[in-house]
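# Structural overview for review
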Amino acid sequence: MRGIYQEITPPERLVSTESFDDYPGESLNTLILSEEDGKTTFTITVRYASQEIRDAVIKSGMEHGAAECYDKLAEMLA
């Protein structure tokens, strides 16, 4: 796995590329942190170069690993 930070705008925005040895191409990930009434919302958008690459990533089951990471983050922040 590798990637490059394209944009860092503290404290609200991170843009980075991400690629894996097992998948062609790379994704462009945009993370936005927004705060309202003392509560922070974390939003991440992942864009792939093609629908075929996106579908291959979805079929790999990677969403389960991502969900596990987000669940652990939620536990730490609780």
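This is a predicted model, so every value here is computed, not measured. In this numbering scheme, every chain counts its residues from 1 along its sequence in written order. The model is predicted, so local features are restricted to residues of pLDDT at least 70 and side-chain atom pairs to those at 80 or more, both for listing and for counting; the totals for chains, interfaces and linings are taken over all residues. As a rule here, side-chain values come from all non-hydrogen atoms in the structure, and water together with hydrogens is ignored.

## A word on the overall build of the protein chain
Comment: elements are numbered from the N terminus, with helices defined as DSSP H or I runs of at least four residues and strands as E runs of at least two. Within the protein chain, the regular secondary structure consists of two helices and four strands. Its helices and strands in sequence order give the protein chain the pattern β-β-β-β-α-α, from N to C terminus. Expressed along its principal axes, the backbone C-alpha trace of the protein chain runs to roughly 40 × 25 × 20 Å. Any two residues whose heavy atoms approach within 4.5 Å are treated as being in contact. For the protein chain, the proportion of contacts with a sequence separation of at least 24, taken over those separated by at least 6, is 11%. Computed with the Shrake-Rupley method and a 1.4 Å probe, the accessible areas treat only the protein chains shown as cover for residues. Carbon and sulfur atoms form 55% of the exposed surface of the protein chain, whose accessible area is close to 6,300 Å².

## Notes on the side chain of Asn 29
Relative to the helices and strands, Asn 29 is located in strand β3 (residues 27-36). Three labels apply to residues, based on accessible area from a 1.4 Å probe with only protein chains included: buried if under 20% of the type maximum, exposed if over 50%, partly exposed otherwise in between. Overall, Asn 29 belongs to the buried group, its relative accessible area being 6%. Whenever two N or O atoms come within 3.5 Å, that pair is a polar contact, provided that in protein one can donate a hydrogen and the other can accept it, and provided that, for residues adjacent in sequence, both atoms are side-chain atoms. Here Ser 27 takes part through its side chain, which lies 3.2 Å from a polar atom of the side chain of Asn 29. Those residues within four positions of Asn 29 in sequence are excluded, and the remaining contacts are Leu 14, Val 15, Ser 16, Thr 17, Glu 18, Ile 44, Thr 45 and Val 46.

## Quick notes on the pattern of salt bridges
Salt bridges are identified by distance alone: a Lys or Arg side-chain nitrogen within 4 Å of an Asp or Glu carboxyl oxygen. Enumeration over the complete set of coordinates arrives at four salt bridges. When the shortest N-O distance is used, the salt bridge between Arg 2 and Asp 21 registers 2.7 Å. Of the two residues, Arg 2 sits in the segment before β1 (5-9) while Asp 21 sits in the loop between β2 (13-18) and β3, which places them 19 residues apart along the sequence. Taking relative accessible area as the criterion, Asp 21 reaches 61% and is therefore assigned exposed.

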